[in-house]
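# Results of the structural survey
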Amino acid sequence: MRYNVCIIGGGAAGLAAAASLDDGISVCVVEKNRIPGRKILATGGGRCNLTNEACEEKQLTMDFFACLGMKFCRDSEGRYYPYSEKASDVVDILTSGIGENTDFYFESQAASVECSNKDGDTGFLVKCHGDGKQAIEADCVIISPGGKAAPQYGSTGDGYAFASGFGHKVNRLYPILAGICCDREGFDFSEVKGVRAKAAVKLLKDGKPVEGAYQTGEVQFTEYGLSGICIFNLTPFVRAENGEDFRDAVKRYSISADFAPDFSEDELRYRRDWFGIVTKKLSDRINGADIKNIVFDVTGVRGWKDAQCTGGGVSTDEIDSNTMESKLIPGLYFAGEILDIQGPCGGFNLQNAWETGIKAAKAINRRLLKYGL
């Protein structure tokens, strides 16, 4: 079977691309899950944080969804959700906006992607295994299978091998937006598991603050260390240098936590303990410590299963940022988490998926019209 476009991955980026392609274009979507958008259903606590007020191209996303009939609501932090606050509605409205010329091959996995040259036409050959077609020919390919984070939703990093096969550089991969494993002498994390506290946290490397790695919000204690959105947002800064083993690299990091961010040191000077600012359970375990600067040693970052996003990926130096087309291979496009583009929690990474998927589709619309394919 031959198509104008083959989209590898039916997640956020792939669905946005499929819904943005012109109706007259023949499209197939190769998706290893039984349903499209499985990871979308788990985002934003089931509410799907579509984008954020701080995203530069949020209007592109909002216009796209508005054309599909979606209304939005925004919280005090600038996060946008579907008005119904149901992630399943996002998947439904995306699939309803996809043209009739689109075939979905569910429970199918792309095994290889290569250039083809049949009858003088340059295109691509996508070989699959599973319930889908064994071989798909296409004029253009969008590689959007996600990254390596949350493999339980089907993201297992297949696309990086495809990118490398075409000569693209793949920057070092590491899990981000996950809990951080910590240690502190005399502190038993299991005794405060589930405790939450307001905090201002900053990441230190070799005892010095890491530029940009400062967050405020709620910290949650776990049996392994610290969690919560403000902790998640520190993880992109926990990195190994070139040639450095990650297990050695993490030993250089620590987290300084201020559990009384709304109070000055003068206001706290004569307190006997910290109960009333933090819970009694936490106060009993940090009594005598400086509540404005409690340091936890970093021992690791939670793995791929717990991570919300992938750090690293296909180098953007080799991608046209306006069209998402490869600078190495004409007709090859990348979208979504497979790219080395990451943001903090709050809709930034879904914005990346929608934005890159839409841009790739619009560029293909122009390309196919130009060449009459």
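In what follows, the structure referred to is the one given above.
Okay, so let's go over this structure. (Residues numbered from 1 in each chain as written. Predicted model: local features only at pLDDT ≥ 70, side-chain atom pairs only at ≥ 80, totals over all residues. Heavy atoms only, no water.)

### Re the environment of Q134
Going by this rule: Secondary structure elements follow DSSP: runs of H or I of four or more residues count as helices, runs of E of two or more count as strands, with numbering from the N terminus. For this analysis, residues touch if any pair of their heavy atoms sits within 4.5 Å.
Along the chain, Q134 falls in the loop between β8 (121-130) and β9 (135-143). Along the backbone, Q134 and G179 are 45 residues apart, and their C-alpha atoms lie at a distance of 40 Å. Sequence-distant contacts of Q134, that is, excluding residues within four places in its chain, are made with V126, K127, C128 and H129.

### Remarks on helix α9 (residues 348-371)
Side chains that are three or four residues apart share a direction in an α-helix, a result of its 3.6 residues per turn. For clarity, the threshold we go by: A helix is expected to span 1.5 Å multiplied by its residue count minus one. The rule is simple: take the accessible area with a 1.4 Å probe, protein chains only, and divide by the maximum for that residue type; under 20% is buried, over 50% is exposed, in between is partly exposed.
For α9, built from 24 residues, the straight-helix expectation of 34 Å at 1.5 Å per residue is met to within 8% by its first-to-last C-alpha distance of 35 Å. Within α9, 17 of the 24 residues are buried, which leaves it mostly tucked inside the rest of the structure. Phi turns positive, to about 65 degrees, at G372, one or two residues after α9.

### Here's the deal with the packing of helix α1 (residues 12-20) against α9
Heads up, the condition is: Whenever a helix is involved, its axis is fitted only over the stretch in contact; in every case the axis is a line through C-alpha atoms, and angles between N-to-C directions fall within 0 to 180 degrees. Each helix crossing is assigned a hand: it is left-handed if the near helix lies turned anticlockwise from the far helix by less than a right angle, otherwise right-handed if that turn is clockwise. Under the grouping applied here, Gly and all other residues not named as nonpolar or charged are polar, the nonpolar ones being Ala, Val, Leu, Ile, Met, Phe, Trp, Tyr, Cys and Pro and the charged ones Asp, Glu, Lys and Arg.
Two elements in contact, α1 and α9, have axes whose closest approach is 7 Å; the angle formed by their N-to-C orientations is 35 degrees. When the axes of α1 and α9 are compared, the crossing they make is right-handed. Contacts from A12, A13, A16, A17 and S20 in α1 reach L350, A353, W354, G357, I358, A361 and N365 in α9. Of the residues contributing to the contact of α1 with α9, the split by class is nine nonpolar, three polar and no charged.

### Let's talk about the packing of helix α2 (residues 58-67) against α9
To keep things clear, this is the line we draw: Here the word oblique covers every angle except those under 35 degrees (roughly parallel), over 145 (roughly antiparallel) and from 65 to 115 (roughly perpendicular).
In contact at an axis separation of 9 Å, α2 and α9 are set at 75 degrees when each is read in the N-to-C sense. Between α2 and α9, the angle falls in the class roughly perpendicular. Of the residues in α9, those touching α2 at K58, L60, T61, F64 and F65 are Q351, W354, E355, I358 and K362. Class assignment for the residues of the contact of α2 with α9 results in five nonpolar, two polar and three charged.

### So, the packing of aromatic side chains
Under the convention used in this document: Centres within 6.5 Å make a pair out of two Phe, Tyr or Trp rings, where for Trp the six-membered ring is used; the pair is then stacked when the planes are under 30 degrees apart, edge-to-face when over 60, and tilted otherwise. Any Lys NZ or Arg CZ that is within 6 Å of a ring centre and within 35 degrees of that ring's normal is treated as a charge sitting over the ring.
Counting across every chain of the model gives 12 aromatic pairs. For the ring pair F65 and W354, a centre distance of 5.0 Å and an interplane angle of 85 degrees mean the geometry is edge-to-face. Residue F65 is found in helix α2, and its partner W354 is found in helix α9; the two are separated by 289 residues along the sequence. Assigned by exposure class, F65 and W354 land together as buried. In this structure, R302 is placed above the aromatic ring of Y224, and the distance from its NZ or CZ to the ring centre is 4.1 Å.

### Quick word on the nonpolar core
To be explicit about the condition: Among buried residues, those of type Ala, Val, Leu, Ile, Met, Phe, Trp, Tyr and Cys that are joined through side-chain atoms within 4.5 Å constitute a nonpolar core.
The biggest cluster of nonpolar side chains holds 65 residues, and the ones touching the most others in it are V5, V141 and W354. Here the element with the most residues in this core is α9; it accounts for nine residues. Those residues in contact with V141 that lie beyond four places of it in its chain are C6, I8, V113, F124, V126, G331, L332 and Y333. Of all hydrophobic cores here, the second largest spans 39 residues; its members include V219, L234, I291 and F296.

### A few points about helix α4 (residues 158-165)
Selection criterion: Throughout, the arc means that of the directions going from the helix axis to the C-beta atoms.
Within α4 the residues assigned to the buried category are G159, Y160, F162 and A163. Summarising the axial view, the buried residues of α4 lie within an arc of 160 degrees, below the 170-degree limit, and thus occupy one face. Exposed residues pointing more than 90 degrees away from the buried face of α4 are listed as A161 and G165. G167 occupies a position one or two residues after α4 and carries a positive phi of about 90 degrees.

### Some details on unusual backbone geometry
Non-glycine residue E85 carries a positive phi angle of around 55 degrees. Under the relative-accessibility criterion, E85 is labelled partly exposed at 34%. The backbone of E107 shows a phi angle near 50 degrees, a positive value even though the residue is not glycine. Inspection of the secondary structure puts E107 in the loop between β6 (102-105) and β7 (108-118).

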